[in-house]
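Architecture and fold: a report
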Amino acid sequence: MPRLSTYFIRAALLHLGLGFTFGALMLWNKGMPFEGRLWLLLNPHIEMVLVGWTTQLVMGVGFWIIPRFTGENRYGRVRLAWAAFILINAGVITASVGLWGNAAWLVLVGRALELSAFISFAVHIWPRVKPFAETKGV
Ligand code: HEM
């Protein structure tokens, strides 16, 4: 597995851990109410499990397994994928803090960073989405 995939997947696991912890706290508080402000974790929970965990896991595994090129530069334009890694994590953290603190401008900045990550990853991976030479016509 390439180093960047390990970074993507480990970061995704951190989002999973924190996102599930937020979910568990809300669930506990739903059954045995003890702190109403825990509901402020709902939107950060959604952000972390949907974008930080699920989407980032897909990017990490995709960077690893989607067909490589032959020759020296096997993974293509790797800088774009590194940019996606930094942007998606900065975006999820910024948007989550904004959602928790009810700061619309922070949420907007976070979402813009996430969108840039998706675009950067898509531009990176597009030329690698190709059939194998031996499966011509299939
Ligand atoms: C990948 C896994 C998960 C995803 C994609 C996910 C996603 C979501 C979404 C979209 C909502 C909002 C639902 C709505 O407003 O109707 C939500 C709410 C919630 N989630 Fe999760 N979640 C996940 C895992 C978990 C886990 C593991 C827990 C608990 C340990 C949890 C606990 C909750 C709770 C308590 C709510 C609030 C439910 C309510 O409004 O009463 N979630 N989740």
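Residues numbered from 1 in each chain as written. Predicted model: local features only at pLDDT ≥ 70, side-chain atom pairs only at ≥ 80, totals over all residues.

Another aspect to go through is the nonpolar core. Counting residues in each nonpolar core, the largest one holds 19 residues, and the members touching the most others are Phe-8, Met-59, Ala-84 and Ile-88. Sorting the residues of this core by element identifies helix 1 (3–31), helix 2 (42–65), helix 3 (78–101) and helix 4 (104–125) as the ones contributing at least two each. Looking at this core element by element, the count peaks at eight residues for helix 3. Once residues lying within four places of it in the same chain are set aside, the contact partners of Ala-84 are Met-59, Ala-117, Ser-120, Phe-121 and His-124. (Core = buried A, V, L, I, M, F, W, Y, C linked by C-beta atoms within 7 Å. Buried ≥ 20, exposed ≤ 12 C-beta atoms within 10 Å, placed from the backbone. Helix = DSSP H or I, 4+ residues; strand = E, 2+ residues; numbered from the N terminus. Contact = placed C-beta atoms within 7 Å.)

Closest axis-to-axis distance for the helix 2/helix 3 pair is 9 Å, and the angle between their directions is 175°. By the angle between their axes, helix 2 is roughly antiparallel relative to helix 3. Residue-level inspection shows Asn-43, Pro-44, Glu-47, Met-48, Val-51, Gly-52, Gln-56, Met-59 and Phe-63 of helix 2 in contact with helix 3, the latter providing Ala-81, Ala-84, Ile-88, Val-92, Ala-95, Ser-96, Leu-99 and Trp-100. When grouped by side-chain class, the residues that make up the contact of helix 2 with helix 3 number 12 nonpolar, four polar and one charged. (Axes fitted to C-alpha atoms, helices over the stretch in contact; angles between N-to-C directions. Parallel < 35°, antiparallel > 145°, perpendicular 65-115°, else oblique. Nonpolar A, V, L, I, M, F, W, Y, C, P; charged D, E, K, R; others polar.)

Around the ligand, 13 residues are found, and the nearest of them are Gly-23, Ala-24, Met-26, Leu-27 and Val-49. Elements with a minimum of two residues in the shell around the ligand: helix 1 and helix 2. Across the shell around the ligand, the residue classes tally to nine nonpolar, three polar and one charged. (Near = placed C-beta within 6 Å.)

Turning to helix 3, a few remarks are in order. Between its first and last C-alpha, helix 3 extends 35 Å over 24 residues, near the 34 Å set by a 1.5 Å rise per residue. Once helix 3 ends, the next one or two residues include Asn-102, with phi positive near 55°. (Expected span 1.5 Å × (residues − 1).)

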